[in-house]
Structure formats: structure tokens, C-alpha cells
Amino acid sequence: MSAVAQRNLIEIRWHARAGQGAKTAANILAQAALREGKYAQSFPEFGPERRGAPMQAFNRLSDEPFYMHSGITEPDIVIVVDPRLMETIPVTDGLKPNGWVIVNTHFSPEEAQVRWELKPFKVATVDASAIARETLKQDIPNVPLLGAFAKVTGLVSLETLQSDTVHRLEKRFRDRPQVIEANLKALERGFNEVSWVDAQVFEPILAEPSQIAFKSWTELQEGGIIPEPSTSLLYRTGSWRLERPVFDPQKCVQCLMCWLVCPDSAIVLESGKVVGIDYDHCKGCGLCSLQCPPKAKALTMVLEAEFDKK
Amino acid sequence: MVEVEKLPPKVNEEQKRLVALSGNEAQAEAMRQINPDVVAAYPITPQTEIVMQFAQFVADGKVDTEYVPVESEHSAMSACIGAAAAGARAMTATSAQGLALMWELLYIASGMRLPIVMAVVARALSANLNIHCDHSDVMGARDSGWIQIFAEDPQEAYDSLIQAVVIAERARLPVMVITDGFIISHAVHPVTVYPDEAVREFIGEYKPEFSLLNVQHPITMGPVDLPDYYMEHKRQQTEAMKRAKEIILQVGEEFANFFGTKVYRLMELESMEDAEVALVSLGSSCGTVREAVRALRSQGIKVGAIKLRVFRPFPRDEIVKVLAGVKVIGVLDRADSFSTMGGPMFTEIKAALYDILVTQKQTAVTSFIPLGGPKVVNYIYGLGGRDLRIEQVEVLFHELLEIAAGKQVEQIWRYIGVRE
């Protein structure tokens with residue numbers, strides 16, 4: 001092991017979608033760690049800077065001061081805020097053997113370990129989205145995940161996270177104490193409802209981390225010109241969805257308003273009539289459903305999690 | 001360089017016209033002959049005459065150009081970028097604040113690899129308000145990825161602007177041709193002008209590889225370029241700059257063969273074969289320096305001069321080869337960098353010499369340059385249009401000779417022609 005890898009440092013990588021609060025959660029975690037006398041960093045890495053786009057956030061925690069500003073490629077802990085990223089992003093890339101994978105999912109840790117091939121790792125699961133919907137009334141799973149993190153790793157205490165939450169929200173929600181209450185409840189439920197299982201395989205991981213074959217500068221088109229049309233079809237942005245529009249052809253009056261407003265051309269037409277949704281490219285923005293005439297209601301938004309269960 | 005068999009030039013002397021033109025008129029004439037698809041420009045002193053005359057050519061139907069009268073230089077360069085992306089041959093001209101206002105677009109033009117050609121009439125930047133010549137505007141754009149060619153006089157401005165069209169399209173990089181404000185832009189000199197057809201034949205028809213307006217083949221230009229690709233595209237740009245040196249030399253040769261002119265290169269040398277000391281300069285001052293060299297040489301004093309024609313890409317290897325044998329070099333900068341270590345050309349030349357000394361393993365330590373070799377001093381002159389006189393240059397040469405003879409120098413860079 002290299003000298004660098006032997007430092008007494010905990011490195012954490014969050015996988016989420018822009019808008020799910022991973023950056024905020026990483027910031028809260030760093031603040032809580034600082035309050036407990038640790039040295040901490042928190043930083044995000046954005047791609048297209050668009051709600052729903054995959055993003056990462058990072059934490060470093062240590063009892064000693066540290067100074068590096070590089071990205072984290074070999075984390076000790078991976079937290080997956082959106083379970084649908086498990087299928088599209090290699091979340092365990094570089095994760096140390098026997099490291100933690102903490103996932104927001106309704107699956108048990110044993111099921112998750114099998115379903116996503118996580119046997120070399122310790123796996124914790126908590127249905128943070130369900131907790132968030134019940135307590136915060138919206139799918140912001142970051143708060144319950146922080147509670148789960150505190151329980152599983154013991155790196156910060158629930159009490160510190162609780163007092164930090166109050167401190168952070170009390171000014172803004174002075175008139176609405178129920179918001180602060182809901183956040184505390186979400187934190188506590190995450191702490192109490194998380195369950196985990198130990199790693200099942202202890203051999204070092206031999207597989208190379210997944211590498212996308214990027215072209216060198218000599219092979220790329222000068223000036224970044226994309227010389228072909230329709231290349232966006234190559235990117236399956238459908239995994240960005242939290243909610244899915246479900247189409248009922250019986251109710252559709254063929255006004256084509258959905259087709260008109262869809263920013264991703266994901267409404268499929270045949271002979272000028274709507275026949276369905278291109279789920280490979282629909283990002284779940286919900287505009288089609290909003291535009292669908294209330295009397296028709298041929299497009300309804302359904303949580304993606306509902307389809308995972310089936 | 002390979003010796004090529006000398007053929008008589010395509011354009012003979014009878015076909016040429018010798019006329020009296022100012023720098024601006026010469027460049028407007030070149031633009032008329034180039035007949036670009038699009039010109040978008042905004043007037044600013046001392047560049048105004050170029051676009052004013054060109055607008056007249058458009059109004060009189062002497063060119064086929066789509067002229068876009070814009071509301072600022074920011075828009076002028078934006079329109080040129082759009083036109084060039086669409087596959088048009090696009091040109092503009094500006095000065096000083098106008099160039100400064102183009103700043104972000106300069107990087108977009110070069111980053112998108114668009115062969116835009118721009119006449120820059122160099123002028124001091126405000127504050128304080130000054131309309132006269134110095135190089136602070138062009139030096140501010142030196143790292144924007146544009147090829148920078150300095151013209152000494154109206155003839156060179158005319159010739160270089162025509163060459164710039166070919167250089168830009170071959171290198172797929174934008175080019176600025178720089179003349180000194182008022183000193184050249186408004187000074188009338190004899191200029192040899194070539195026939196319209198000959199100029200059009202030399203530059204040829206522009207056949208862009210991509211056009212944004214080709215609806216049969218839709219493409220994307222200027223997409224978002226995140227950490228996973230941006231650096232590769234910058235790497236391509238720097239390679240294009242390296243290649244541009246060869247292209248500039250090639251086009252210079254072709255131009256000479258076609259029009260029967262002198263061969264334009266990266267720099268021009270004056271009595272450098274056995275020079276003990278030398279001055280390096282840009283633009284109109286090069287003529288003044290040359291006169292001083294000739295006067296001193298007539299007295300048997302071994303001085304020389306380098307006129308740097310191409311500042312970007314910087315001809316490092318070429319200039320070092322010439323300067324390595326010189327005892328003391330004076331660099332004339334018509335701009336201050338405010339780095340407190342001299343003007344922009346001074347630091348470039350010093351950096352170039354440092355590298356070559358390391359590779360030659362010269363390790364003799366002096367208090368002047370750690371690795372020995374030629375001493376380099378810097379004179380900042382001519383800011384805001386202050387004159388540089390031939391007598392001053394003569395004094396500088398004598399100072400360089402004294403340094404060569406062992407005189408200690410207190411300041412390796414200083415202002416000259418300033419009231420202390």
C-alpha cells in the first residue's frame with residue numbers, strides 16, 4: 001500500500017442527482033464533524049448543472065489537519081442517494097474492500113448485496129425516500145441518509161446532527177416550526193430504520209475500475225465540433241427520472257400538447273397520433289402531464305420507485 | 001530550408017500599381033480585393049477609416065460583402081464568429097477599447113477554430129484617455145489563441161492582411177494583423193498594389209470543412225466541454241499554433257513567388273551576422289531602429305536589429321539562434337505588463353534564452369543572468385504615442401555597447417523618454 005493510502009483519513013463519495021440535496025448533506029456532515037473536533041472537507045462535482053443530472057459530492061474526515069484539494073477516487077464509504085444510479089453509474093469504482101455502501105432503497109441489505117453485486121462491501125440500506133415523503137412531504141432523501149450514516153459509521157453523533165439541523169433551519173423557518181420538527185423526525189427515522197450486513201467476500205477486488213474509452217486530442221474533432229446530428233440519442237438520459245409519465249391511450253384526446261411541450265422529444269408519435277413515451281430519453285420533468293387537459297388526464301406521473309418494486 | 005527553383009513571379013511589374021496610401025487605406029484596399037463574405041465592424045479611432053472606406057465599397061457595390069453595422073465591438077466579433085461558423089470568410093477591424101471589449105469573443109473565435117481575420121490598429125488603453133499608439137491593446141490579447149502579425153508600414157499591412165486570410169484558413173486559427181495607430185494608420189507611404197484578380201487568385205475560394213448552415217448535414221459547434229474533454233481541445237489549439245509557424249513561412253514564400261515581393265518570414269534581421277549588441281522591436285519602430293543601425297554601421301560599430309514580425313506563435317527557436325551569439329540584447333517594449341519585471345516581449349525573450357542556455361549546459365554564473373550567455377535589458381518606450389526618435393535609439397545602442405564592455409546596470413528594465 002502506498003504511503004498516501006495509509007493516512008488516517010476517511011473519504012466519502014456521495015452519488016446523487018442534482019436537486020436531491022447531496023451537496024447540502026455533505027456540507028452538513030462536514031459541519032457536524034468540525035463541531036465534534038474533526039478536520040473535514042466537503043465539495044461537489046457537477047456535470048451539466050441541471051436538476052436530475054447525475055452528480056457527486058465528497059467528504060474527507062480526519063482527526064488530523066490535511067491539505068489536499070484533489071478528487072476522491074478510492075473512497076472508504078459510498079452513499080447512494082438515488083438507487084436508480086446503481087444501474088447506470090459504477091458507484092463502487094475504487095471503493096476499498098470491506099468499505100461501506102449506504103443506499104437509499106426499500107430493499108434489505110441482503111437483497112441489495114445480491115441485486116447490485118455488492119458482496120465485497122458492507123452494505124447498509126434505508127428507505128430514505130419513503131421517510132422523506134412521509135416526514136418532509138417530498139422526496140428529499142438526504143436528511144434520513146445522514147441519520148443512517150451516523151448510526152452505521154459512528155463518525156458523527158445523532159445529537160450533533162440534530163443540533164446542527166436546528167441551528168441551520170431555525171432562522172429561516174422561525175414561523176414554521178413544523179418544518180424543523182419534520183427534519184428532526186426524518187433524521188431520527190433514518191438513524192433508527194437503517195439496517196446493514198457485513199461483506200461476504202474478502203478477497204481483494206481484481207476487476208479494473210470501469211474506464212470509459214475517451215479519445216485522445218489527436219483523434220478528436222478540432223474545436224469540439226460534433227460533426228454528426230442526433231448524437232443526443234446515444235445518451236440514455238431516461239435514468240434521470242424520479243417520476244415517470246404513464247400514458248393511457250384510452251383517455252387521450254390527441255390534442256398533441258404533450259408532444260409540443262416535451263423538451264426532449266420523448267413523446268412518440270405514429271401517423272400523427274401519440275402512442276407512448278420514449279422512456280430512454282424522458283427525464284421525467286412532468287410538463288406533458290401538466291399540459292394534458294384535466295378532463296382527459298391521459299398522462300399521470302408515477303414514482304419510479306413503484307416500478308422497482310414490480 | 002530547401003532551395004526551390006526560382007520561377008518568375010506570376011504578377012509582373014507592369015501589372016502592379018505604385019500608389020500613395022495610408023496604413024488604413026492600404027488595409028481597406030486589401031479588404032476590398034479580398035472581398036470577404038461578411039464584415040462586421042464598429043468604428044473606433046484610429047481604425048475608423050478602414051471600416052469607413054470599406055462601408056463605402058459596400059455601398060458602391062464594389063464588393064459582394066454582407067456588411068453588418070453593429071452597436072459595439074463585442075457584437076462585431078460575435079457576428080464574425082457566427083458568420084465564420086456558418087462557413088463564411090469573415091473580417092473585422094478594431095483598436096484599443098474595442099479590442100478590449102472583444103476579449104471574451106477572442107477566446108471563443110480561437111477555441112472554435114474559426115479563421116477570422118482582423119486588422120488591429122494598435123492604440124493605448126484607457127485610463128487615461130489616449131487615442132495614440134502603443135501595444136497595450138494587442139499585448140492584452142497575446143494569450144487569446146490568435147496569430148499576431150505586426151506590420152512595419154502600410155505595404156506590410158497590405159501584404160500581411162492578404163496573407164492572413166490564407167494563413168487563418170490553413171491553420172484554422174484567427175489572425176490579427178497589427179499596425180501602429182496614427183504612426184502607420186494615418187501616415188501615407190508608397191504602396192505597391194496588385195491587380196484584384198491576382199489577389200483573389202492567391203487567396204482562392206474558401207472551402208470550410210464544416211458549415212453551421214448546411215441543413216443537409218447538421219452539426220454542433222461550441223458545445224459544453226467539461227473536465228473530460230476541454231483540455232484535449234486546448235491541446236489541439238496549442239498544436240495548431242506550433243503548426244502555424246510553418247504555415248506562416250510557407251505562405252510568405254508563396255506570396256513572394258506569386259507577387260514578386262520580398263519573402264515575409266517570422267522576423268527580419270538587420271546586420272545581425274556579426275553584431276555585438278542588438279535591439280529587438282515590433283511594428284513601426286523597427287524602421288527607426290534600422291536607420292540607427294545603418295548609421296552606426298557606417299561608422300564601423302557592430303550593432304544589429306531584429307524586427308519581430310510574428311509575436312504569436314512566438315518564434316522561440318529562430319530568435320534564440322540569432323541572439324545566442326550576441327553579447328547584449330535590448331528589448332524595446334511599447335507596452336508595460338505591470339509585472340514589475342519588464343514588458344511583455346522582454347519576459348518572452350528572456351524565457352526563450354533561458355531554455356536554450358540550459359540545453360547548452362552553460363553554467364557560468366554571473367550576477368546578471370544565472371546561466372551566462374547574452375545579457376538582456378528592457379526599454380519601455382512610446383506609451384500613449386510618445387515618439388521614439390532615431391537619436392534616442394542611437395543612445396540606447398551606445399548603452400548596450402557599454403554594458404558589453406563591462407558596465408554594471410542598475411535596472412535591467414526601465415522607461416525611456418519619460419520625465420524622471
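Residues numbered from 1 in each chain as written. Chains lettered and ligands numbered in written order. Predicted model: local features only at pLDDT ≥ 70, side-chain atom pairs only at ≥ 80, totals over all residues.

1. Here we look at the packing of helix α3 (residues 73–85) of chain B against helix α5 (residues 103–111) of chain B
What describes two packed helices is the angle between their axes and the distance between those same axes. Residue and element names in this part refer to chain B. For clarity, the threshold we go by: Structural elements are reduced to axes, namely lines fitted to C-alpha atoms, with helices fitted over the stretch in contact, and the angle between N-to-C directions of any two is expressed from 0 to 180 degrees. Helix and strand assignments follow DSSP, with helices taken as H or I runs no shorter than four residues and strands as E runs no shorter than two, numbered in order from the N terminus. Working rule for angles: under 35 degrees goes down as roughly parallel, over 145 as roughly antiparallel, 65 to 115 as roughly perpendicular, anything else as oblique. In this scheme the handedness of a crossing depends on how the near helix is turned from the far one: anticlockwise by less than a right angle means left-handed, clockwise means right-handed. Placing C-beta atoms from the backbone, we regard two residues as in contact once those atoms come within 7 Å.
In contact at an axis separation of 9 Å, α3 and α5 are set at 15° when each is read in the N-to-C sense. Here α5 runs roughly parallel to α3, going by the angle between their axes. Our pair here, α3 against α5, has a crossing hand that is left-handed. Only L105, L106, I108 and A109 of α5 make contact with α3, whose side of the interface consists of H74, M77, S78 and I81.

2. Considerations on the sheet that holds strand β4 (residues 77–80) of chain A
Remark on secondary structure: sheet strands pair via backbone hydrogen bonds, oriented parallel or antiparallel. All names here are of chain A. Rule in force here: We call two strands paired when DSSP finds no fewer than two bridges between them.
As summarised here, the arrangement of the 7 strands in space is β2-β3-β1-β4-β5-β6-β7, forming an open sheet in which the pairing is mixed. Only two strands of the sheet have a single neighbouring strand rather than two, namely β2 (39–45) and β7 (195–197). Pairs of neighbouring strands in the sheet enclose a mean axial angle of 15°, with direction left out of account. Examined bridge by bridge, strand β5 (residues 100–104) and strand β6 (residues 122–126) share 5 bridges and lie parallel to one another.

3. Quick word on the domain arrangement of chain A
All names here are of chain A. Let me state the cut-off plainly: Boundaries of every domain are those given by an automatic assignment or by a domain database.
The assigned domain composition of chain A is domain 1 (4–197) and domain 2 (230–309). Computed from C-alpha atoms alone, the centre-to-centre distance between domain 1 and domain 2 is 31 Å. Listed as interface residues are 8 residues of domain 1 and, on the opposing side, 6 residues of domain 2.

4. Here we look at the domain arrangement of chain B
Residues and elements named next belong to chain B. Our working rule: Under the convention adopted here, Pro, Cys and the residues Ala, Val, Leu, Ile, Met, Phe, Trp and Tyr are nonpolar, Asp, Glu, Lys and Arg are charged, and Gly plus all remaining residues are polar.
Each assigned domain of chain B is listed with its residue range as follows: domain 1 (13–259) and domain 2 (267–415). Once you take the C-alpha centre of each, domain 1 and domain 2 turn out to be 29 Å apart. At the junction of the two partners, domain 1 supplies 27 residues and domain 2 supplies 20 residues. At the level of secondary structure, the elements contributing two or more residues to the side of domain 1 that touches domain 2 comprise α6 (136–140), β6 (147–150), β7 (175–180) and α9 (230–259). The leading source of residues in the side of domain 1 that touches domain 2 is α9, at 5 residues. Here the side of domain 1 that touches domain 2 is composed, by residue class, of 15 nonpolar, 5 polar and 7 charged.

5. A word on the pairing of strand β9 (residues 267–270) of chain A
Remember that side chains alternate between the two faces of the sheet whenever the strand is regular. All names here are of chain A. Summarising the sheet, β9 and strand β10 (residues 273–277) pair through 4 bridges and their orientation is antiparallel. Across the sheet, residue V268 finds its bridge partner in β10, namely G276. Following β9, the chain reverses through 2 residues before pairing antiparallel with β10; S271 in that reversal takes a positive phi of roughly 50°.

6. Some points on the interface of chain B and chain A
Facing the 19 residues of chain B at the interface are 12 residues of chain A. Sort the elements by how many residues they give to the side of chain B that touches chain A and α9(B) lands first, with 4 residues. Partitioning the side of chain B that touches chain A into residue classes produces 8 nonpolar, 5 polar and 6 charged.

7. Thoughts on the nonpolar core
Put simply, the test is: Note on terminology: a nonpolar core is a set of buried residues of type Ala, Val, Leu, Ile, Met, Phe, Trp, Tyr or Cys, with members joined through C-beta atoms within 7 Å. Comment: burial labels come from other C-beta atoms within 10 Å of the residue's own C-beta, placed from the backbone, where a count of 20 or more is buried, 12 or fewer is exposed, and between is partly exposed.
The biggest cluster of nonpolar side chains holds 129 residues, and the ones touching the most others in it are C80(B), V120(B), I167(B), V175(B), V177(B), A278(B) and V280(B). If you tally residues by element for this core, the top one is helix α7 (residues 154–171) of chain B, at 10 residues. Two domains each put at least three residues into this core: domain 1 (13–259) and domain 2 (267–415) of chain B. In this structure, V177(B) is in contact with A119(B), V120(B), I149(B), A151(B), A157(B), S160(B), L161(B) and A164(B), ignoring residues within four places of it in sequence. Core analysis: the second largest hydrophobic core is formed by 56 residues, A32(A), L85(A), V103(A) and L145(A) among them.

8. Considering the environment of R84(A)
Residues and elements named next belong to chain A. As for its placement among the helices and strands, R84 is situated in the loop between β4 and α2 (85–88). Taking the C-alpha atoms as reference points, R84 and S239, 155 residues apart in sequence, are found 6.8 Å from one another. Residues contacting R84, with those up to four places away along its chain left out, are S239 and E304.

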